[in-house]
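# Commentary on secondary and tertiary structure
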Amino acid sequence: MKRGIVVKSTGSWYWVRLEEGNMVQCRIRGKFRMEGIRTTNPLAVGDEVELEEGSEGYVITAIGKRRNYIIRRSTNLSKESHIIAANVDLALLVVTVNHPVTSTVFIDRFLVTAEAYNIPAVLVFNKTDLYDAEDQAMLGGLTVIYRKIGYPCYAVSAETGEHVDEIRSLLKDKITVLSGLSGVGKSSLVNCIEPGLDLKTAGISDAHDSGKHTTTFAEMFPLKQGGFIIDTPGLRSFGIIDLKKEELSHFFPEIFAKSGECRFYNCTHTHEPGCAVLEAVEQDEISESRYVSYLSMMEESGKYR
């Protein structure tokens, strides 16, 4: 029996980096069902697995317990989920205020999921070389909102390399997953972070403003400085899953901090008298855009229970 980490999955074949460092291609034996969650992918990049070598090659026979994962609803109408990556130390959400526009609702859905699964998250605003004065003002406003509630924010240009050194230093000796909408330049950023990594020869090319899915499968790459980075396919949307309505506020740090001041212990922060959260929104202590995201997720959580 050998052990390793899944570094790429195509759905039927899995590439596993063995403990000794070499790479093998595998299939899976039987069906994997993790913690009762119905997922479109039984194994995800970052999963720790056990495998055996048989007459037809390597077969994955067991999967280790996941310490965390980033998960999303596979489609807006589905009860199935898709695990983007497992066992990560850091999540970088690559966003753009233009070329294309990343909505605050998308950002907040990702951050809530990271909070729910105890994954530190960082916002990386890419394509600053394309921003005009209006875009820069929008960037400044979003940075204020997210830094205030504890999320580090970085403004970079994968095209020019501006401030990418700051991102590179975050990744040392960590397993980091990159996620974001199609077209925000995740693969460009990976190429800039690790110049010796030719993602195009690995069958991965950059996404442009058209938002095409040019990264087909999630894949983990080693970093020369130590650690690994997981490049993932661009998303169109981010549906939350497996989060109860009554627990949702726990994953908005600023709402959770205020909730202790509410008149009712089971306040939903939607309509109750004496709600400290509603008052904080009115006083601009809590961002209106964050509160709108909270309401949309409350509605979605009720719909899929």
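Residues numbered from 1 in each chain as written. Predicted model: local features only at pLDDT ≥ 70, side-chain atom pairs only at ≥ 80, totals over all residues. Heavy atoms only, no water.

By the naming in an unreviewed UniProt entry, the protein is Small ribosomal subunit biogenesis GTPase RsgA, taken from Odoribacter splanchnicus. The Subunit (unreviewed entry) field of the UniProt record for the protein holds the comment "Monomer. Associates with 30S ribosomal subunit, binds 16S rRNA." For the record of the protein, the UniProt heading Sequence similarities (unreviewed entry) holds the text "Belongs to the TRAFAC class YlqF/YawG GTPase family. RsgA subfamily." (UniProt positions renumbered as here; feature names shortened; annotations may be inferred.)

With that settled, the discussion passes to the nonpolar core. Counting 83 residues, the largest nonpolar core has Tyr-146, Leu-189, Ile-230 and Leu-248 as the members making the most contacts within it. Here this core gets seven residues from one element, more than from any other, and that element is helix 1 (residues 104–116). Val-16, Cys-26, Leu-51 and Ile-60 belong to the second largest nonpolar core, which has 12 residues in total. (Core = buried A, V, L, I, M, F, W, Y, C linked by side-chain atoms within 4.5 Å. Buried < 20%, exposed > 50% of the residue type's maximum accessible area, 1.4 Å probe, protein only. Helix = DSSP H or I, 4+ residues; strand = E, 2+ residues; numbered from the N terminus.)

Examined against the element boundaries, Asp-135 turns out to sit in helix 2 (residues 133–148). Lys-127 provides the closest opposite charge to the buried, salt-bridge-free Asp-135, at an N-O distance of 11 Å. Leave out the neighbours within four places in its chain, and Asp-135 touches Val-97, Asn-98, His-99 and Leu-130. (Lys, Arg positive; Asp, Glu negative; His and termini not counted. Salt bridge = Lys/Arg side-chain N within 4 Å of Asp/Glu carboxyl O. Contact = heavy atoms within 4.5 Å.)

We now examine the environment of His-250. Turning to its location among the elements, His-250 is positioned in the loop between strand 13 (228–231) and helix 5 (253–259). Assessed through its relative accessible area of 40%, His-250 is described here as partly exposed.

Let's shift gears to the pattern of salt bridges. Overall, the coordinates contain 13 salt bridges when judged by the stated rule. A salt bridge links Arg-109 to Glu-300; its shortest N-O distance comes to 2.5 Å. Taken together, the positions of Arg-109 in helix 1 and Glu-300 in helix 7 (residues 288–303) put the pair 191 residues apart, joining distant regions of the chain. For the pair Arg-109 and Glu-300, one class covers both residues: buried. Where Lys-258 meets Glu-261, a salt bridge forms, and the shortest distance between an N and an O atom there is 3.4 Å. You can call Lys-258 partly exposed: its relative accessible area is 21%. Given a relative accessible area of 52%, Glu-261 falls into the exposed group. Here the salt bridges share partners, and the residues they tie into one network are Asp-108, Glu-254 and Arg-290.

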